[in-house]
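Remarks on the overall topology
Each chain is listed here by its residues.
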Amino acid sequence: MIRKATNYLLDMRDRQRIAIALSKGAAMMGARNIDLSKPGSWEFSGFSQNGEDGILDVLRKQLLRSNRYFIEIGAADGIENNTGWLLVAEKYSGLLIEGSAHLVERAKRTVIGYSIGAEIRDMFVTVESVRDIKALAFHHDPDVFSLDIDGNDYYIAKAIFDNGFRPKIFVVEYNSVYGPERSTTVEYQSDFVFTKAHPSHLYYGVSISGWTNFFKSYGYQFITVDRNGVNGFFVDPDCFDESFLDGVEGLKFAENKSQFKKFRKSSAEQFELIADQKFVVI
């Protein structure tokens, strides 16, 4: 009885969050003055934490072909992520992957019902389990692939490509603590959890330079990072008009505002806190 009552209250709150996200996103979307050469002007946030909803909105509208399908690894409760807008507002089909059974159940009770083609699976993603995601996915060339797991992102991204995926738009979280030049990531651990890896919680993920080098090796083009310094956006140039891509003047690097607020230090000073950890050059 207590669990049922708790779930009822959570569901009520989550539905309110969805309503707020839709209203906020619609207002911000309409207030934009879009310049296709300036990704900063594309940003808006409905379900996303930063300006990802807006950047993905513009990029999707420039696609030469679309299957209206997404995949997100690290989907949380399905509401506050990079594909919630696609699922709820755009009725995209898609596959959400989340490692918390509690969050998966919440998403099943609320957000998943907004699109008949959306599903969420409980899975802690490792290099080996990417093949299971391939078996679950209806499309291996989704319009959007979002990866945000605060840890082994580089190794999972490599496994994604090695297993035959070719997303049109790939959005990944980067760790600004490494700065704009350092091309690096953490050592792979199948059970990596960033909150346990280092007391500062700064030892995780990939630098933006590392991501740029990685995606370039697969023929992808860098577009921009969001202005809050959290995500990098890369695209398969075969899926876009060349004139559009040539005109984009993306932001190359931004400090993570949340980390800067927490530590009151620049990325260079933050890195000193984890400088003695083991890193892998990309």
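What this report covers is the structure whose coordinates are included nearby. (Residues numbered from 1 in each chain as written. Predicted model: local features only at pLDDT ≥ 70, side-chain atom pairs only at ≥ 80, totals over all residues. Heavy atoms only, no water.)

Examining the pairing of strand β4 (residues 144-147)
Alternating positions in β4 separate into two faces, Val144 and Ser146 on one and Phe145 and Leu147 on the other, with burial throughout. Here strand β1 (residues 69-73) runs beside β4; their pairing, made up of four bridges, is parallel. The residue bridging Ile71 from the neighbouring strand is Phe145, located in β4. Note: β4 against strand β5 (residues 169-173), four bridges, orientation parallel. Each residue of the ladder has a partner; that of Phe145, found in β5, is Phe170. Assessed by its sense of winding, the connection that carries the chain from β4 through helix α6 (residues 153-162) to β5 is right-handed. (Buried < 20%, exposed > 50% of the residue type's maximum accessible area, 1.4 Å probe, protein only. Helix = DSSP H or I, 4+ residues; strand = E, 2+ residues; numbered from the N terminus. Pairing = 2+ DSSP bridges. Right-handed = clockwise from strand over helix to strand, strands pointing away.)

A short note on the packing of aromatic side chains
The relative placement of two aromatic rings is captured by the distance of their centres and the angle of their planes. Under the criterion given, the structure shown has 30 aromatic pairs. Judged by centre distance (5.2 Å) and plane angle (65 degrees), the ring pair of Tyr155 and Tyr188 falls under edge-to-face. Pair noted here: Tyr155 is in helix α6 and Tyr188 is in the loop between β6 (184-186) and α7 (194-197), with a separation of 33 residues, a long-range link. You can call Tyr155 buried: its relative accessible area is 15%. Each ring, one from Tyr178 and one from Phe271, has its centre 6.3 Å from the other, and the planes form 70 degrees; the classification is edge-to-face. Highlighted residues: Tyr178 in the loop between β5 and β6 and Phe271 in helix α11 (residues 267-271), separated in sequence by 93 residues. Grouping residues by exposure puts Tyr178 and Phe271 together as buried. One Lys or Arg, Arg182, reaches over the ring of Phe271 and ends 3.8 Å from the middle of that ring. (Phe/Tyr/Trp six-rings, centres within 6.5 Å; stacked < 30°, edge-to-face > 60°. Lys NZ or Arg CZ within 6 Å of the ring centre and 35° of its normal.)

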